[in-house]
Amino acid sequence: MSQNQKFVIANWKMKLGISESIHLAKAIKKIKSNVEVVVCPSFASVVEVRNILKGSKVKVGGQDCFWESEGAYTGEVSASQLREAGCDYVIIGHSERRKYLQETDEMIHNKIKTALSASLTPIICVGESFEQRSEGATDYVLINQVTKAIEGVDLGSDKKIIIAYEPVWVIGSGQAISPDEAEHAHQVIRQSLFDIFSPGLVKNNFSIIYGGSITSQNVGEFIALENTSGVLVGGASLKSDEFIAIIKNTQNTY
Ligand code: PGA
C-alpha cells in the first residue's frame, strides 16, 4: 500500500437487492482510475457482483465476517469464504453493527485477526457518537477503539489495514463534518497507531480514510487532507453517476 494510494470504498449496506446490485456493478465495471475502488455488496450479492467485476479495476469487499474460521455458527460468513468468493477487503466494526448487533471491541479485534489470516484487508470503522462528542470524549473514544481493535494483532509487512473514521452521528445525515475536524481525528488515530506499531509499519501498512455523508461535491476537501487516504461512501455510492463523479474528483484532487 503506497502511502499515496487513495481509496474510494462503497458500502452498499442492505440497501440493494441482488438484481439492483448486478445493475450497479455493470454500470461501474468500466471505471479506470489510479484510485483503488472497492465495492462492498451484501453477502447475497457478493459472488454475482464479483463475477461482473472480474478483470475490471474495481475490487470487492464483504461488509462483515465472523471471528472463527469455520464451524457451527449458523448465519455467519467466514473470512475465507469471502476470500474464496473473490473479495480482497472486508469492513469490520461498522457503527451499525456495533449498535444493532452489539458488536464489542473484542469481537472486532478477533474479526480483524481472522480477516488478516484469510488475506483480506480489514477496513476497520471507528467513530464517536453524538453524545460522546458533546461530552468532549471524541479523542478518547478514537484512541480506545483503535487500540482495542489492533493492539496485539500480528501484522507482518505484507498485511494492510485501513482505518475508517466515521463520526456515527454524521452517517446518512447528509451533512459531513468539517475537513479540519476530520484531519484532527485522523491525527489522533495515527498517533494511536504509533503507540502500538513501529513507524515503518504505520507508514507502509496503514491507511486512514474518512466516512460520513461523502458526496461528489465534498470529497475533494477530504482527499486534500494530509492524513487522509480516501473515503468510505454509503448513500452516494448507490447511484453510478454520483459514485463515478466521486472517483473522478478523488483522482483530480491528489
Ligand atoms: P453515508 O454512509 O455515506 O451514507 O453517510 C457511510 C457509511 O456508513 O459507511
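Reading guide: rules and limits
The numbering scheme is per chain: residues are counted from 1 as the chain's sequence reads. Reporting in this predicted model follows two pLDDT cut-offs: at least 70 for local features of residues, and 80 or more for side-chain atom pairs to be given and counted; totals over whole chains, interfaces and linings ignore these cut-offs and use all residues. Only hydrogens and water are set aside when side-chain values are computed; all heavy atoms of the structure are taken into account. Only DSSP runs of H or I covering at least 4 residues are called helices, and only runs of E covering at least 2 are called strands; the numbering of each starts at the N terminus. Only protein chains enter the area calculation, which uses a 1.4 Å probe; residues under 20% of their type maximum are buried, those over 50% are exposed, and those in between are partly exposed. We call two residues in contact when some of their heavy atoms are within 4.5 Å. Residue exposure ignores everything except the shown protein chains as possible cover, and the areas themselves are Shrake-Rupley values with a 1.4 Å probe. The positive count covers Lys and Arg only, the negative count covers Asp and Glu only, and His and the chain ends enter neither. Just so you know, the charge point we use is NZ for Lys, CZ for Arg, CG for Asp and CD for Glu. We define a salt bridge as a side-chain nitrogen of Lys or Arg found within 4 Å of a carboxyl oxygen belonging to Asp or Glu. Pairs of strands are assigned from DSSP output, requiring at least two bridges between the strands. To be near a molecule or strand, a residue needs just one of its heavy atoms within 4 Å of it. We define a polar contact as two N or O atoms separated by no more than 3.5 Å, with the added condition that, inside protein, one atom must be a possible hydrogen donor and the other a possible acceptor, whereas residues neighbouring each other in sequence contribute only through side-chain atom pairs. Cavity means a closed set of points on a 1 Å grid over the protein atoms alone, one where a 1.4 Å probe fits but cannot get out, pocket means an open set with protein on both sides within 12 Å along at least 5 of 7 lines, and lining means a residue has an atom within 4 Å of a point. Each molecule is checked against the cavity or pocket grid, and it sits inside if more than half of its atoms lie within 2 Å of the grid points. Three categories are distinguished: nonpolar for Ala, Val, Leu, Ile, Met, Phe, Trp, Tyr, Cys and Pro, charged for Asp, Glu, Lys and Arg, and polar for the others, with Gly belonging to the last.

Draft legend 1. Expanded view of the overall build of the protein. Of regular secondary structure, the protein possesses eleven helices and eight strands. Burial statistics for the protein: of 254 residues in total, 55% are counted as buried. For the protein, contacts bridging at least 24 residues in sequence account for 74% of all contacts bridging at least 6. For the protein, the exposed surface amounts to about 11500 Å²; the carbon and sulfur share of it is 48%. Looking at the protein, you have 25 positive and 29 negative side-chain charges, and the mean spots of the two groups are 9 Å apart.

Draft legend 2. Structural context of the pattern of salt bridges. Summed over all chains, the structure comprises ten salt bridges. A salt bridge links glutamate 128 to arginine 133; its shortest N-O distance comes to 3.0 Å. Glutamate 128 gets classed as buried once you look at its relative accessible area, which sits at 0%. Between arginine 133 and glutamate 181 there is a salt bridge, with the nearest N and O atoms lying 1.9 Å from each other. Of this pair, arginine 133 sits in helix α6 (residues 130–134) while glutamate 181 sits in helix α8 (residues 179–196), and the two are 48 residues apart along the sequence. A relative accessible area of 32% means that glutamate 181 is categorised as partly exposed. Sharing partners across several salt bridges, the network here consists of Asp64, Arg97, Glu103 and Lys111.

Draft legend 3. Expanded view of the pairing of strand β7 (residues 206–211). Burial within β7 is extensive, with six of its six residues counted as buried. Looking at chain direction, strand β6 (residues 161–165) and β7 are connected through five bridges and run parallel. Paired with isoleucine 161 across the strands is phenylalanine 206, a residue of β7. As paired elements, β7 and strand β8 (residues 230–233) share two bridges and run parallel to each other. Each bridged residue has a counterpart across the sheet, and for tyrosine 210 the counterpart in β8 is valine 231.

Draft legend 4. Inspection of the site of the ligand at higher detail. Around the ligand lies a shell formed by Asn11, Lys13, His94, Glu166, Ile171, Gly172, Gly212, Ser213, Leu232, Val233, Gly234 and Gly235. For the ligand, an oxygen atom lies 2.7 Å from a polar atom in the side chain of lysine 13. One nitrogen or oxygen atom from the main chain of glycine 235 is found 2.9 Å from an oxygen atom belonging to the ligand. Within the complex, 96% of the 280 Å² of free accessible area of the ligand lies under protein. Applying the majority rule of atoms within 2 Å of the grid points places the ligand in the second largest pocket. A breakdown of the residues in the shell around the ligand according to their chemical character gives three nonpolar, seven polar and two charged.

Draft legend 5. How the structure looks around the environment of glutamine 132. Along the chain, glutamine 132 turns up in helix α6. Those residues in contact with glutamine 132 that lie beyond four places of it in its chain are Gly127, Ala137, Thr138 and Val141.

Function-wise, these values are silent; they only describe arrangement.
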